[in-house]
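Residues per chain, in single letters:
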Amino acid sequence: MRYDTQATPAIPLRPLGSPPQDPSRALFSEATLSAYHQGMQRCVDQVRRTLDHHRRPTSGVAPDELQPLIDAIDLDSPLETLDAGLDELQRLYLDHAVHFHDPHYVAHLNCPITLPSVLAEAIATPLNTAVETWDQSAGATLIEQKLIDWVGARIGLGDAADGVFTSGGTQSNLMALMIARDHACAAVADHPGNRHHGLPDNFRELRILASDVSHFSVQKAAALMGLGYDAVIPVPTDAERRMDVEALGAILAECERDGLKPFALVATAGTTDFGSIDPLSALASICQSRGLWLHVDAAYGGGLLLSRRYRHWLAGIEQADSVGVDFHKTFFQPVSCSACLVRERDHLQYVTHYADYLNPRDQAETGTPDLVNKSLQTTRRFDALKLWMTLRIQGAEALGHYLETVIGLTRETYRMLSAREAFDVLMPPALSTLLFRYAPAGIEEEARIEALNRKIRQILSRRGEAVVAATRVDGRLYLKFTLLNPLTRAEDLARLLDRIAEHGDALAAESLTALPPAHPSVPESP
Ligand SMILES: *Cc1c(COP(=O)(O)O)cnc(C)c1O
C-alpha cells in the first residue's frame, strides 16, 4: 500500500543536484533539528498507519515473493527524499512486518513492549551514546550500573555482585561460561592462564553440564570456546522437563570415573519450549559441594523476579555464580535488552582487556567506571535506558503483573485445549508455553499427524491468521504457543483453536499426498 504523503512537506535529506553533498544538511546536529523533528513526525505517522492498517499478525509473505523487490533496489541510486524512502520501505518491510502485539502472534519469546521503553529509543538513538567507556557516556554508564545493581539485588546475589548489559541470552551464556572456564583453568597447576596462553593441555577433558532441553546457545558457546558441542553433557530431565538431580549425580560419578573435568552446570530457569525451571536450590547444593560453577540461564524466567506471586519459583537463583536475564522477553522491553550478572565482581576480570587508547589500566585503577572492562563487546548501545524509563515511569510491579497475567492465560488455554477432543496437549504449562497437536480420533499414523500439523501451521501463517511455533519433543512434532501478551484474551485463543481445528478437519478430509511441499519460510524450531 502507498500512503498519502501530503500531510508534511518532503524532506530532502540530500540536497538535490549539489554534489558534493553538504554535510551540514545531511548529518544530525542542532542545525538539522527542524528536519529531524519533521522527519520523526513522518516516521511516527508511518508507524501509526502501519499499525492502524494491520489486521493480522503477519502478511504471510514468502521469501521468494519479497526477494525480487529487494533485488530491484539499487543501493547506489538514492531516492533523495524521506517520503520516497518511506514509501519504498512500506512495500519492502512495513507492509509485511510481523506484529508481536497481535493476539494471534503466539510463536516465539517476543513480547509486546512498554511505551516508555519505545520512547527511550527515541532518546538513545539520536544522542548515540556508546556506553563502553565513561568518557563516551557519563550518566549512561551510571544508569546501566544502577540497573545491574538493582537486578543483582532482586536476584539476591549479594554485595559483591556485578554485571553488564548484553545483546541477549546467547551472549550472556557465552560470557558466563567463558568466565567459568577461565576461572576453572586458573586453578590448573603450571598453567599461567587462558587469556594469554590459551587452553591448558587437558582442555579435552573439560565438560559443561546442561539439561537436555537447555538452550542451544550453550552448545554454541562451547564450540566458540574451543571445547566443541561434545563438551556439553546433556543431563536427562524428569516428566516436567526439569533437570533430573539423580541423573546428574550419576553423570558426575561417570565423569569422575572417566577422568573428565566438569567445570560448570547450566541450570535453566524457564526452558524455551516448556518453560520448565530446573530445581535451582538442589543444583546449587550439588555445585557447591563439587566446586562447579552454577550458571542460571533465566533468559525466559527472569521476569518472575518481579512477580510477587511467583517469585518463589526461582528460589535458589540467589546461589548462582552467574545469571543471564533477557529483559527483551519477560520484562517487556524492545530488542535488544539483556544482562549477565556474576556473584563475584572479581570474576569479571576474565573478560577485561586494557587498551591504551580506550580504557587504560591506570584509568581503572583510579576508579573510572569503564563498562568495556566487563563486556565481551566494545561499542555498545545504551540499551539500559529502555528498562530505566520503564521502571522510572511505570515501575517494576506492572511488569510482574503482565507476566502473572500471561501465566494465568496459559493455564486457561491449557484447560480449553484439554477439553477439546481433537487436540492432544503434551503437559500442563510451567510458564507461558503450550505444546499440543491436532490429533483427532481415527488418525493414528504418526507421519499423518505430523503432516497435518505442519500444514496447519503453514496455512495459518500464509493466510496471516496466526503465527504459531512448532517444535519436536521425543521425535514428535508439536505446535507451540508462547504467550507473552497480557492483552490477549482467552477468547482470542479459543478462536485460534477453532481455526486450527477447522483447518485440520478440512485437511484430514483431503488426501494429504495432494498437499504441496512445506514452504521453506516456516522453520520448525525457535
Ligand atoms: C531466548 C533464550 C536464550 C537466547 O537468548 P537471546 O536473547 O535470543 O540471545 C537463551 N536461553 C533461553 C532459555 C532462552 O529462552
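Residues numbered from 1 in each chain as written. Predicted model: local features only at pLDDT ≥ 70, side-chain atom pairs only at ≥ 80, totals over all residues. Heavy atoms only, no water.

Parsing the protein into structural domains produces domain 1 (23-97), domain 2 (140-191 + 201-384) and domain 3 (397-509). The centre of domain 1, based on its C-alpha atoms, is set 38 Å off from the matching centre of domain 2. (Domains from an automatic or database assignment.)

This part covers helix H11 (residues 245-258). Side chains three or four residues apart in an α-helix point the same way, a direct result of the helix having 3.6 residues per turn. Compared with an ideal rise of 1.5 Å per residue, which puts 14 residues at 20 Å, H11 spans 20 Å between its outermost C-alpha atoms and is within 8% of the ideal. Regarding H11, the residues found buried are Ala 247, Leu 248, Ile 251, Leu 252 and Cys 255. Along the axis of H11, the buried residues cluster in a sector spanning 140 degrees; they form a single face. Along H11, exposed side chains directed more than 90 degrees from the buried face belong to Glu 246, Glu 256 and Arg 257. Check the buried side of H11 and you find it contacts strand S3 (206-211), strand S4 (232-235), strand S5 (261-268) and helix H12 (280-290). Measuring from the backbone nitrogen of Glu 246 back to the side-chain oxygen at the start of H11 gives 2.9 Å, which picks out Asp 244 as the cap. Directly beyond the C-terminal end of H11, a positive phi value near 75 degrees is found at Gly 259. (Helix = DSSP H or I, 4+ residues; strand = E, 2+ residues; numbered from the N terminus. Expected span 1.5 Å × (residues − 1). Buried < 20%, exposed > 50% of the residue type's maximum accessible area, 1.4 Å probe, protein only. Arc of directions from axis to C-beta. Contact = heavy atoms within 4.5 Å. Polar contact = N/O pair within 3.5 Å; in protein donor to acceptor, adjacent residues only side chain to side chain.)

There is a patch of nonpolar side chains on the surface, built from Ile 113, Leu 115, Val 118 and Leu 119 and spanning about 360 Å² of accessible area. Along the polypeptide, Val 118 turns up in helix H5 (residues 115-127). The partly exposed category is assigned to Val 118, whose relative accessible area is 37%. (Patch = residues over 30% accessible without salt bridge, like charges linked within 9 Å, V, L, I, M, F, W, Y side chains within 5 Å. Areas by Shrake-Rupley, 256 points an atom, 1.4 Å probe, with all protein chains shown as cover. Salt bridge = Lys/Arg side-chain N within 4 Å of Asp/Glu carboxyl O.)

The biggest cluster of nonpolar side chains holds 64 residues, and the ones touching the most others in it are Leu 265 and Val 296. Each of two domains, domain 2 (140-191 + 201-384) and domain 3 (397-509), supplies a minimum of three residues to this core. With residues near it in sequence (within four places) discarded, Val 296 still touches Ala 267, Ala 269, Leu 280, Ile 317, Ala 320, Ser 322, Val 323 and Gly 324. (Core = buried A, V, L, I, M, F, W, Y, C linked by side-chain atoms within 4.5 Å.)

Okay, the sheet that holds strand S9 (residues 423-425) next. Spatially, S1-S11-S12-S10-S9 is the arrangement adopted by the 5 strands of the open sheet, whose pairing is mixed. Of all the strands in the sheet, just strand S1 (105-106) and S9 have a single pairing partner and so form its edges. As defined by bridge partners, strand S11 (residues 467-473) adjoins strand S12 (residues 476-482) across 5 bridges and the pair is classed as antiparallel. If you follow Val 473 over to S12, its bridge partner there is Arg 476. Strands in contact with helix H16 (residues 396-419) are S9, strand S10 (433-438) and S12; relative to S10, the strand with the most contacts, it is inclined by about 15 degrees. (Pairing = 2+ DSSP bridges. Axes fitted to C-alpha atoms, helices over the stretch in contact; angles between N-to-C directions.)

Our focus in this paragraph is the pattern of salt bridges. On inspection of all chains with the given rule, the structure shows 31 salt bridges. Of the charged contacts in the structure, one is a salt bridge between Asp 258 and Arg 257, with a shortest N-O distance of 3.2 Å. Residue Arg 257 is classed as exposed on the basis of its relative accessible area of 64%. With a shortest N-O distance of 3.9 Å, Glu 404 and Arg 309 are connected by a salt bridge. Pair noted here: Glu 404 is in helix H16 and Arg 309 is in the loop between strand S6 (293-298) and strand S7 (322-326), with a separation of 95 residues, a long-range link. In this structure Glu 404 comes out as buried when scored by relative accessible area, which is 8%. Of the residues examined, Arg 309 reaches a relative accessible area of 53% and is grouped as exposed.

A few words on the packing of aromatic side chains. Ring pairs (aromatic) are described by centroid distance and by the angle formed between their planes. Under the definition given, this model contains 9 aromatic pairs. Note on Phe 165 and Phe 327: the rings are 5.3 Å apart at their centroids and 35 degrees apart in plane angle, and the pair reads as tilted. Residue Phe 165 is located in strand S2 (residues 162-166), and its partner Phe 327 is located in helix H13 (residues 327-330); the two are separated by 162 residues in the primary sequence. Neither Phe 165 nor Phe 327 differs from the other in exposure class; each is buried. Judged by centre distance (5.8 Å) and plane angle (75 degrees), the rings of Phe 423 and Phe 436 are edge-to-face. Taken together, the residues Phe 423 in strand S9 and Phe 436 in strand S10 connect sequence positions 13 residues apart. Ring pairs connect the aromatic residues Phe 423, Phe 436, Tyr 438 and Phe 481, which therefore count as one cluster. Sitting above the plane of the Tyr 478 ring, Arg 437 keeps its charged end 4.8 Å from the centroid. (Phe/Tyr/Trp six-rings, centres within 6.5 Å; stacked < 30°, edge-to-face > 60°. Lys NZ or Arg CZ within 6 Å of the ring centre and 35° of its normal.)

Residue position: His 295 is located in strand S6. Contact partners of His 295, with chain neighbours within four places excluded, come to Ser 172, Asn 173, Ala 176, Leu 265, Val 266, Ala 267, Ser 322, Val 323 and Gly 324.

A separate point is the site of the ligand. Inspection of the region around the ligand gives 16 residues, with Thr 170, Asp 297, Asp 326, His 328 and Lys 329 positioned closest. One of the side-chain nitrogen or oxygen atoms of Asp 297 is found 2.6 Å away from a nitrogen atom of the ligand. With respect to the ligand, the side chain of His 328 contributes an N or O atom lying 2.8 Å from an oxygen atom. Protein chains bury 85% of the 380 Å² of accessible surface belonging to the ligand in isolation. Every element with two or more residues in the shell around the ligand is listed here: helix H8 (169-185) and H13. Ranked by the residues each element gives to the shell around the ligand, the list is headed by H8, at 3 residues. Looking at side-chain class alone, the shell around the ligand contains 3 nonpolar, 10 polar and 3 charged residues. (Near = heavy atom within 4 Å. Nonpolar A, V, L, I, M, F, W, Y, C, P; charged D, E, K, R; others polar.)

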